[in-house]
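Commentary on secondary and tertiary structure
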Amino acid sequence: MKKQTSAERKLYTLCILVEDIPGVLSQVSRLFSRKGYNIESIVSGATDRPGITRISIELAADGLMIEQIAAQCRKLLPVKAVKIFDEESCIRREIALIKVRAADRTARDEIIQIVNIFRAQVIDVDRECLTIWVFGGRSKNTALISMLADFGILEIAKTGTIAIERGRSTIYDDSKLREEYEYGKNVL
Amino acid sequence: MKIKAPAAIMECLLEQEVDTVFGYPGGTILNLYDELYRYRGKIRHVLTAHEQGAAHAADGYARSTGKVGVCFATSGPGATNLVTGIATACLDSSPVVFITCNVGENLLGKDAFQEVDSTGIAMPITKAAFLVRDPQTIPDVMRQAFAVAANGRPGPVLIDFLKNVTDPRQEIDYEFTPWRENRASGGVRELNSAHPLKNPGPDPQDVETLLEMIGQSERPLLICGGGVVRGRADRAFRTFAERLDAPVAITVMGGGGFPGSHPLTTGMIGMHGSKASNVACDECDLLIAVGCRFSDRVALDPRSFARQAKIVQIDIDRAEIDKNVLTDHHIIGSARKVLEMLNAGLPQYSRSGWKDRILPLRAPSVAEDSPRLTPQQVLETIRLRAPKDAIVATDVGQHQMWSIKYLHFDYPGQLLTSGGFGTMGFGLGAAIGAQMGNPDKRVLHMTGDGCFRMNCHELCTVERYGLPIVTVVFNNGTLGMVRQWQNLIYGQRFSETTLDRGPDFVKLAEAYGLRGFRASTRAEMEAALDQALSCGAGAVIDCVLDIDEVVRPMVAAGSPITDFLLDEGGSL
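Each value, and the rule that gives it
- Residues numbered from 1 in each chain as written.
- Chains lettered and ligands numbered in written order.
- Predicted model: local features only at pLDDT ≥ 70, side-chain atom pairs only at ≥ 80, totals over all residues.
- Helix = DSSP H or I, 4+ residues; strand = E, 2+ residues; numbered from the N terminus.
- Rg over C-alpha atoms; globule rule 2.2 N^0.38 Å.
- Buried ≥ 20, exposed ≤ 12 C-beta atoms within 10 Å, placed from the backbone.
- Pairing = 2+ DSSP bridges.
- Axes fitted to C-alpha atoms, helices over the stretch in contact; angles between N-to-C directions.
- Domains from an automatic or database assignment.
- Contact = placed C-beta atoms within 7 Å.
- Nonpolar A, V, L, I, M, F, W, Y, C, P; charged D, E, K, R; others polar.
- Core = buried A, V, L, I, M, F, W, Y, C linked by C-beta atoms within 7 Å.

As for the overall build of chain A
The secondary structure content of chain A amounts to five helices and nine strands. Walking chain A from its N terminus toward its C terminus, one meets helices and strands in the order β-α-β-β-α-β-β-α-β-β-α-β-β-α. Since a compact globule built from 188 residues should have a radius of gyration of about 16 Å, the 20 Å found for chain A marks it as more spread out than a globular shape. Along the longest, intermediate and shortest principal axes, the C-alpha atoms of chain A span 70 × 40 × 35 Å. Out of the 188 residues belonging to chain A, those deemed buried represent 31%.

Structure follows, in C-alpha cells:
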C-alpha cells in the first residue's frame, strides 16, 4: 500500500518564486538538465513583491518526476515557493507575434477577418506583410497560426506559458509541505 | 568598527570558532594568505600536498568533530582540484566551507590567467555557491555560508572572492557577533525564508501516527542512516532501538550511529549487507529508516525493497522523501528531535519471536586460521590491538567494505568513509583532518593499493605535522572490487584492473620520513601493528593479500535484496 502517484505523462507547469539574484535562473534550470528533463518553455518575470521573480516552467512529465523536480527546486536557497499545476488546476496563457505574408488586398482582408475571429490584433502593416499579436491558451494560438500558415508565415516570436491558479488560493499560501521544506532550510 | 577587508574574513572565521583551516596558496588568494600570516597565532593553517587532499582533510575534520570544516584554495586549477572533494562532502552531507579567490573584477570573464567560473562549477555539488564582488558584503556572506553549511541537512558551501574584494587597502564595517546569534538571525532564516516559521519542530501528529504504526507492527526493522551520525542522534537512536526491541541494520554512512557490537545490530544492509539485515528487510512488516535516502546500494531494487513492509522515512530533508523508494509515512525533522519525541511516547516492547528469526542469521565473526594473511585477520588484529575508540578513515572498495563489516564503530564520527560519492583517495586526507581535529585520539587509515596511489603524496603532510596516523594498505595487487565484478559478472576478463606495479609502499613510507612495515602473515601483522602504534610517528603497513579475496556477501546491482550472488561464506 505504497503512496500512489500518477504514472501518466502530461503537461505540467511549475511556478517558482525566487529571489532576484544573479545566476538564479541557471540554478533552477540546471536541475532540469541534471535530471535529463526537457523544458518545453520557460518564462521569468517580476511579481507584486519587490525583489521576487516568478519563473514559470512547462514540462511534460509523470507525477513522480514532477514531484521530484519540485522537491529539488524547493531546496535551492533563493527559491521561496514552488507550485505544481496541471491543466485543471490553473489558467495558462501565452503571447505570440506572427509576421505573415499579405501580398495583395484580398489576402490582407482575409487575414484581418481571421484575426478578428481569434480576437487577436494587427499591430504592424506593410505592403507585403502584416504583424499579428495574439494572446491566449496554447490551443487557440496554435489554431490561429495554422490558419495563417496558408498565407505564408515569415517569422514567429512566442513567449513561454505563464500560469496562475484558479480560484482564491495563491502561491503565497502556507501548507504543511511548505513548512517541511522551510524546516530543512532553517532548523538550527 | 572599520577593518581591512581580508582581516574581516579572518575575524569572521574566528567568530565561527574556526581554529584550523586546510589549504594551498596561490596567486589570487595571496591577500588572504598574507592576512593569515598575521593571524597565525589564532588560526592554524595546514598545508597539504594537493588541494584535493586539503578538501578531504577539511571534510574529515568536519565529520569527526561535528564542526564546520574550512578549506582555502586559489583560482583556476586550485578551485578545480577541490571539485572531487566538494562533491564527496556534498554526497555525504558534510559541512565544509570552501573559500576560493578568483581574478579581479577588471579581468572577470576575460579568460585571464588561472580564471575559471568556480561558482558555476560548484553549483551542482554545493548547498550554495557565493560569488563575492563587494567587500562590504563579506561579513554577511561569511555568516550565511557557515549557517547554510551547518543548518538543516549539512553540506558544502563555496565562497569565491574576487581578488579586488580581498584588497587590504579597503576598509569595511565589521562588528563581532557570536555565531549562535548570527546563525539564528543573520543566517538563512532572515535572508532566505519567505516568511517566519510557525512550526519549527517535527509535526507531533506525524510522530503520533508512527507510534500507532509501531503498536500494530510485529516485525519492525530499523535502519540507522547517515542522518543519525550527522545529527549526533546516537543516544536517542539507541534508546529508540532498545525500547522497540527490533533488529537494527546500519548503512555505510550510518556507521557509528549505533554501536557495532550491540546485541540488536544486524550489520550492513544492501549490496554487501549481511544475510541477517537483508532477510530482515525482506520479511519485516514495518521498516523505519532514520536519516537514510535508500540509495541504490541499499535499496538495490526499489520496487521489491521491504515488499511486505510499511516504509517510514525520518529525514531532515523533505526532498529525500519518496525520491528512491515510495514510503507510507514520513516525519520531517532532525533525527535527534524526532527520536526524542518518539521515545517520549514509546513503551518497552519485547519481540523475542522476530529476533529469534533474524539475529541467529548473523555470521560468526572470528577470522579463520590461514597460512596467508586474510583481510579478516588484518581487521581482527586491528580490532583487538588498536584502541577501541580509534577513528577509522577508509578509501573506497573492498577494504572499505571489509573494514565496515569487521570493525565496530561506537560513536558518530568514528567512521569516515566516502559512502555516497565513492571517492578513491579520500581516506588519507580525511585521516589528516580527523587527526588535526582529534589530537587525543588514534586515527587509522584503511586503504587499498589502488586507492593509496591516488593520494599517497599526502604522506608528506602526515610527516610534516608529526601526525601518528597508521595507514593499513590492503595490498592485493588489484582494483579488488572491480575485479570482483569482473570475476562474477564479466566472465573473468580482468580488463585493466591488475596493479602489478610499484611503488614499494614500505620504501615509499620511508622516503616520506615515516615508518614502513610489511605483513604477509597474521603474526607479522600483529608485530607490525604493535610497532606502528607505538613508534610515535606516522606509519604504513603494507598487508600482502591474495588477489582473489572477495567481499562477502554480495547482491548484484538492481536485484532483490535477498538474491545473494555470493553468500556469507565461511560458516555457510
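A few points about the sheet that holds strand β5 (residues 96-102) of chain B
Residue and element names in this part refer to chain B. Read from one edge to the other, the open sheet built from six strands follows the order β3-β2-β4-β5-β7-β6, with strand pairing classed as parallel. What marks the edges here is a single partner per strand, and that holds for β3 (44-47) and β6 (128-132). Neighbour to neighbour, the strand axes of the sheet diverge by 20 degrees on average, direction disregarded. For strand β4 (residues 69-73) and β5, the ladder comprises five bridges, and the chain directions are parallel. In the strand pairing of β5, F72 is matched with I99.

Concerning the domain arrangement of chain B
Residue and element names in this part refer to chain B. For chain B, the domain assignment lists domain 1 (2-192), domain 2 (204-361) and domain 3 (375-556). The C-alpha centroid of domain 2 is placed 36 Å from the C-alpha centroid of domain 1. Each partner contributes to the interface: domain 1 provides six residues, whereas domain 2 provides six residues. Here the residues of the side of domain 1 that touches domain 2 sort into one nonpolar, three polar and two charged.

Quick notes on the nonpolar core
In this structure, B:C71, B:V97, B:F237, B:L287 and B:I541 are the most contacted members of the largest nonpolar core, which totals 198 residues. No other element matches helix α6 (residues 138-150) of chain B, which puts nine residues into this core. The contacts of B:C71, once residues within four sequence positions are left out, are B:V21, B:F22, B:G23, B:A54, B:A55, B:A58, B:L82, B:V96 and B:F98. If you look at the next biggest cluster of nonpolar residues, it comprises 13 residues, including A:V115, A:L130, A:I132 and A:L144.

Comments concerning the environment of A:R119
In this structure, A:R119 sits in the loop between α3 (105-117) and β6 (121-125). In this structure the C-alpha to C-alpha distance between A:R119 and A:S33, which are 86 residues apart in sequence, comes to 37 Å.

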